[in-house]
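Each chain, letter by letter, is given below.
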Amino acid sequence: LRGRCEGNVSSRKEPGRSLPYALWHSPGTGASLIRRTAVRGSQEAAQAGAEFWTGVCICSLCLGSAWGEQDTVAKYVSRKSWQLGSLENEDNEGQDDMGNPESVPLLPPLPKAEVVGKGAAQYLDFAEANRLAVESIARDDDGELFPLSAPISHLGSLGTGVGLYFYFVSYAAYALAFMSVVTLPVLISNLHGSMAFDPAEQIGFPRNLIVASSLGNHPAGEPLILHSVMDFVCTLTFFAFICYFRRRQLLARKEIETKHITAADYSIDVKKVPEDATEDEVADYFAKYGEVENVTLCVRGYAVRARLMEVRERAMEDLDQFQTQMNSPEEFPDAPAGHAEALKLIDGTAQELGRLKRQDPRPLCCGHAFVTFTLESSAHKCRDDYKPTGFFGIMAPTRAQADLFRLTTNLHVHVAPQPSDIMWENIEVGSKWRMFRTLGSSAIALLLLLVATGLIAAVNGKHFFLGNIGFVLGGLVNVFSVLVIIISNVSMFVIVPALSMHEAHITRSTREVHIMLRLWAFQVLNTLIAAGMFWDASHNAAGATNWAHWFADGGSFFLNVILGDSVLMNVIEYFRPFDVLIPRRIQGPKCMTQKRLNRVYEAPALSLGMRYQMILKHFTLVLALGSAMPLNYWLITVFCLVTYWIDKFNVLRLYRKPANLSDEVAHVAAVYIAPFSLLLHLCLASYFYTVVVSCPTEPMCSGPVSPLLTPTYLLLAVAAGIVLLLWQPLLHREPEVEYQLVRAREVPYSCVAGIENYEPPFAFTETADYGGLDAGAT
């Protein structure tokens, strides 16, 4: 340190670097300090200057009082992470008495920062961990954060899946707002009934308000022509929304494919590759379509080796920091134990990797490969040549023997997913084994769904089993019921994603689809069954029950579900207590190294499956009871607007940049779940109209149906026929859409800046030694 600090102040830039190094000399004590500063702009200059002088005061005291103990001081300085703003001075008028060409601004020192954590954690840089988390958030082409007001069309760099999710929520809000206005006459018509406020019914506040706005307040025996017409219009409106979103989905995909050049544009996904095939063989085979830029063969045993390499990599990071901490045993008393543990972990993984390498020096291909061409036209030509045929396009085309790979193997070629969408550790799992895994996990999920739904239905229908049990015991039973519902829901939200991970899906998009479908089915089923269990939960003065009482009890439960999710789930999504606040507050102060702290502070990841299932669940439930409770349309409209802005804020300010997911999740939501919800709405509308008009005191009509319902049935049947007839041509089959923009010229793959590569995180080759692992020791 003394040798570096002799001489005048200087400022220099090393070749290839943009970070200036400033050397400052204190003539009063003879102390000198080297500072590495990063140019961060004038906005941070004041704070940087204050931090600079704080460090100068500390080091001047240390050096001035004990100049002979420079080794201790050097260790102290090297242990700290000094991150300062730019100290460059633009006006260089005059110099100090040392000939300094730069003058440092004199600012008062900041007060001593509050120590965070105990033990080793109090010496870690929490601000650095938070900065790294912020840097992982998605940014625009200029490296700046997206403005919150950015239109959805400007978020194309985040991938097709993210953009389509925001389109889905925003378009749905518009459609539901229109449906709310359309059903306003129905709502007014329901309010003119007399059941809700009849003293003989004994329906108290605020449940009588819910009954007053529902079909339960409609007088028995009166026709429902207005309700039927409004249902018919709402059905066509929602179906038009689905069709428009489907077209928007295809347009967004074409727009992103045109405006944003990705690795998938140049690549193909090849299956049925022989296990002893080489990259050169595959490249030579596909060279007939154009120049091949790169071939990536997926090998067997990658998952095990990748896990070992990841553990070894993290252990080596911890080892470096424990080595530094051991120089200060008083401040880091746990460093030796952590150092020994990291060494043991590195030695164990090294031995296992060495054993795997000796056992299989050249891993065999698992039948999967990604081929990247130099030109995009070559990839399109190859895909067209291998376009699948047969039922639903699942059969590979028959080829002449001369066109087969090695004259024996008919390769299967598909559109390649984006590299960031691939789960490399699952590629080696065979399709049959993956199917068995999916069936097994689906059976487990179905069993859990039935058990959880049964428990929720039982606690909501406790009046069937317990009767009148008193106020105190009834309150305890209600508390137990709430706990059962919470535990059931939480268990499904934890178990379903874990089961989806076990299924070994190749892409994250497919995994998100499975998460979405299972959680959507679970929540819709248990909510409808639990609401149905409220029949006969309350009675009027004569001791009888009717549909007005069901809407007072089951309708209130249904409304609480919608409001609870609208508030609670969005609050949780906004504050992220379980994966951001609690880990950072509890685990952060216990971290022993900076790398571990950085991992705790990592920005959370976006799960499209979780977000879609919540939106779709509300769509299905609101449509299911929309004819009976039109007030729900207004609530779900507000819910969509709030969800849109909370999710947009999190994606642009909290989540790390999402993987470039495909439109697979949006496709399933628009083509299958939304039309199913619409048909469920028509079926339940027929049911509610029948029981309210024909048998208002029975859950199922045992007598003849009122002839007043004939026009209602005709309108609902026509609406169902329109949905079924137009589903295939407008939704299931991709309609042709024209996009007005085309690329001016074809850009070679190697000329695209920042494009992804089809390379797994850990590459294993025949000649790699993995850091000297043959010896089997560190």
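Here the structure is a predicted model, which means the values were calculated and not measured. (Residues numbered from 1 in each chain as written. Predicted model: local features only at pLDDT ≥ 70, side-chain atom pairs only at ≥ 80, totals over all residues. Heavy atoms only, no water.)

## Focus: the overall build of the chain
Helix and strand counts for the chain come out as 22 helices and 7 strands. Classification of the 778 residues of the chain by burial places 47% in the buried group. Considering only contacts in the chain between residues 6 or more positions apart, those separated by 24 or more positions represent 80%. Only carbon and sulfur atoms are counted for the fraction: they give 61% of the accessible area of the chain, which is about 38300 Å². (Helix = DSSP H or I, 4+ residues; strand = E, 2+ residues; numbered from the N terminus. Buried < 20%, exposed > 50% of the residue type's maximum accessible area, 1.4 Å probe, protein only. Contact = heavy atoms within 4.5 Å. Areas by Shrake-Rupley, 256 points an atom, 1.4 Å probe, with all protein chains shown as cover.)

## Some words on the state of the cysteines
With the rule as written, the count across this model stands at 1 disulfide. The residue that forms a disulfide with Cys695 is Cys701, at a sulfur-sulfur distance of 1.8 Å. Judged by the sign of its S-S torsion, about -85°, the cystine formed by Cys695 and Cys701 is left-handed. Overall, Cys695 belongs to the buried group, its relative accessible area being 7%. You can see Cys298 has no disulfide; the closest cysteine sulfur is in Cys366, sitting 5.0 Å from it. (Disulfide = S-S within 2.5 Å.)

## What to know about the packing of aromatic side chains
Summed over the entire model, instances satisfying the criterion amount to 36 aromatic pairs. A centroid spacing of 5.0 Å and a plane angle of 85° characterise the contact between Tyr285 and Phe286, whose relative ring orientation is edge-to-face. Neither residue differs from the other here; Tyr285 and Phe286 are each classed as buried. Ring plane angle 50° and centroid distance 6.3 Å describe the contact between Phe286 and Tyr386, whose orientation is recorded as tilted. With Phe286 in helix α8 (residues 279–286) and Tyr386 in the loop between α11 (376–385) and β7 (412–415), the pair connects residues that are 100 residues apart, well separated along the chain. We classify Phe286 as buried; its relative accessible area is 0%. Within the aromatic cluster, the residues linked to one another by ring pairs are Tyr165, Phe166, Phe168, Phe238, Phe241, Phe245, Tyr612, Phe619, Tyr644 and Trp645. (Phe/Tyr/Trp six-rings, centres within 6.5 Å; stacked < 30°, edge-to-face > 60°.)

## Observations concerning the pairing of strand β4 (residues 267–271)
Burial of β4 is extensive: 4 of the 5 residues sit out of reach of the surface. Both β4 and strand β6 (residues 365–373) contribute to a ladder of 5 bridges, which runs antiparallel. From the neighbouring strand, Asp269 faces β6, where its bridge partner is Phe370. By the bridge criterion, 4 bridges tie β4 to β7 in an arrangement that is antiparallel. Residue pairing in the sheet places Ile268 in a bridge with Val415 of β7. (Pairing = 2+ DSSP bridges.)

## A word on the sheet that holds strand β5 (residues 292–299)
Read across the sheet, 4 strands follow the order β5-β6-β4-β7 without closing on themselves; strand pairing throughout is antiparallel. A strand with exactly one partner marks an edge of an open sheet, and here the two such strands are β5 and β7. Averaged over all pairs of adjacent strands, the angle between strand axes in this sheet comes to 25°, irrespective of strand direction. Each of β4, β6 and β7 is contacted by α11, which is oriented at about 35° to β4, the strand it contacts most. (Axes fitted to C-alpha atoms, helices over the stretch in contact; angles between N-to-C directions.)

## Some words on unusual backbone geometry
Backbone torsion omega between Phe205 and Pro206 reads 0°, so that peptide bond is classified as cis. Of note, Pro206 is situated in the loop between α5 (184–191) and α6 (207–212). Residues other than glycine seldom take positive phi values, yet Arg406 does so here, at roughly 55°. Structurally, the position occupied by Arg406 is in the loop between α11 and β7.

## What to know about the packing of helix α4 (residues 160–182) against helix α20 (residues 631–653)
One can describe the packing of α4 onto α20 by two numbers: an axis separation of 8 Å at closest approach and a directional angle of 160°. Overall, the two elements α4 and α20 adopt an arrangement that is roughly antiparallel. Here α4 runs over α20; the crossing is left-handed. Packed against α4, whose contacting residues are Val162, Tyr165, Phe166, Val169, Ser170, Ala173, Leu176, Ala177, Met179, Ser180 and Val181, the element α20 presents Tyr633, Trp634, Ile636, Thr637, Cys640, Leu641, Thr643, Tyr644, Asp647, Lys648 and Val651 at the interface. Taken together, the residues that form the contact of α4 with α20 break down as 16 nonpolar, 4 polar and 2 charged. (Parallel < 35°, antiparallel > 145°, perpendicular 65-115°, else oblique. Left-handed = near helix turned anticlockwise from the far one by under 90°. Nonpolar A, V, L, I, M, F, W, Y, C, P; charged D, E, K, R; others polar.)

## Quick word on the pattern of salt bridges
Taken as a whole and judged by the stated rule, the model has 18 salt bridges. Residues Glu128 and Arg131 are paired through a salt bridge, measuring 2.6 Å at the closest nitrogen-oxygen approach. Pair noted here: Glu128 and Arg131 are both in helix α3 (residues 126–135), with a separation of 3 residues, about one helical turn. Residue classification places Glu128 among the buried positions, given a relative accessible area of 13%. Classification of Arg131 by relative accessible area gives partly exposed; the value is 24%. The salt bridge involving Arg611 is made with Glu573; its shortest N-O contact spans 3.3 Å. Of this pair, Arg611 sits in helix α19 (residues 608–624) while Glu573 sits in helix α16 (residues 547–575), placing them 38 residues apart in sequence. Note on Arg611: relative accessible area 6%, which makes it buried. (Salt bridge = Lys/Arg side-chain N within 4 Å of Asp/Glu carboxyl O.)

## Here's the deal with the side chain of Thr349
Structurally, the position occupied by Thr349 is in helix α10 (residues 335–359). Once residues within four sequence positions are removed from consideration, Thr349 is found in contact with Leu308, Val311 and Arg312.

## Brief notes about a nonpolar patch on the surface
Where nonpolar side chains cluster on the molecular surface, the patch consists of Val567, Val571, Tyr574, Phe575, Phe578, Leu581, Ile582 and Ile586 and spans about 770 Å² of accessible area. Contributing elements (two or more residues each) for the nonpolar patch: α16 and α17 (577–587). (Patch = residues over 30% accessible without salt bridge, like charges linked within 9 Å, V, L, I, M, F, W, Y side chains within 5 Å.)

## Quick look at the packing of helix α21 (residues 664–694) against helix α22 (residues 710–732)
Look at α21 against α22: their axes get within 11 Å of each other, and the N-to-C directions meet at 175°. One element, α21, and the other, α22, form an angle in the roughly antiparallel class. Note on element contacts: α22 touches α21 through Thr712, Tyr713, Leu716, Ala719, Ala720, Val723, Leu724, Trp727, Leu731 and His732, opposite Ala670, Val671, Tyr672, Pro675, Leu678, Leu679, Leu682, Ala685, Ser686, Tyr689 and Thr690. Along the lines of polarity and charge, the residues of the contact of α21 with α22 split into 17 nonpolar, 4 polar and no charged.

## Re the environment of Trp547
You can see Trp547 is positioned in helix α16. C-alpha separation for the pair Trp547 and Met195, spaced 352 residues apart in sequence, amounts to 9.8 Å. Among all residues touching Trp547, those that are not within four sequence positions of it are Gly216, Trp535, Tyr687, Phe688, Val691, Cys695, Pro696, Glu698 and Pro699.

## Observations regarding the side chain of His368
Tracing the backbone through its elements, the reader meets His368 in strand β6. At 2.7 Å, the side chain of His368 forms a polar contact with the side chain of Asp269. In contact with His368, not counting residues within four places along its chain, are Asp269, Val270, Lys271, Val273, Thr296, Leu297, Cys298, Ile427 and Ile506. (Polar contact = N/O pair within 3.5 Å; in protein donor to acceptor, adjacent residues only side chain to side chain.)

## So, α22
With 23 residues, α22 extends 32 Å from end C-alpha to end C-alpha; this agrees with the ideal 33 Å at 1.5 Å per step. Roughly 50° is the biggest bend found in α22, and it falls at Leu726, with proline Pro729 one to four residues downstream. Residues of α22 that are buried: Thr712, Leu716, Ala719, Ala720, Val723 and Leu731. The inward-facing, buried residues of α22 contact α7 (225–259) and α21. (Expected span 1.5 Å × (residues − 1). Bend = angle between axes of the 7 residues up to and from the residue.)

## Digging into the nonpolar core
Grouped together as the largest cluster of nonpolar side chains are 103 residues, with contacts concentrated most on Phe238, Phe241, Trp550, Phe551, Tyr612, Leu616 and Phe619. It is α21 that contributes the most residues to this core, 16 residues altogether. Setting aside chain neighbours within four positions, we find Phe241 in contact with Phe168, Tyr171, Ala172 and Ala175. Residues Cys298, Leu353, Tyr749 and Tyr758 belong to the second largest nonpolar core, which totals 24 residues. (Core = buried A, V, L, I, M, F, W, Y, C linked by side-chain atoms within 4.5 Å.)

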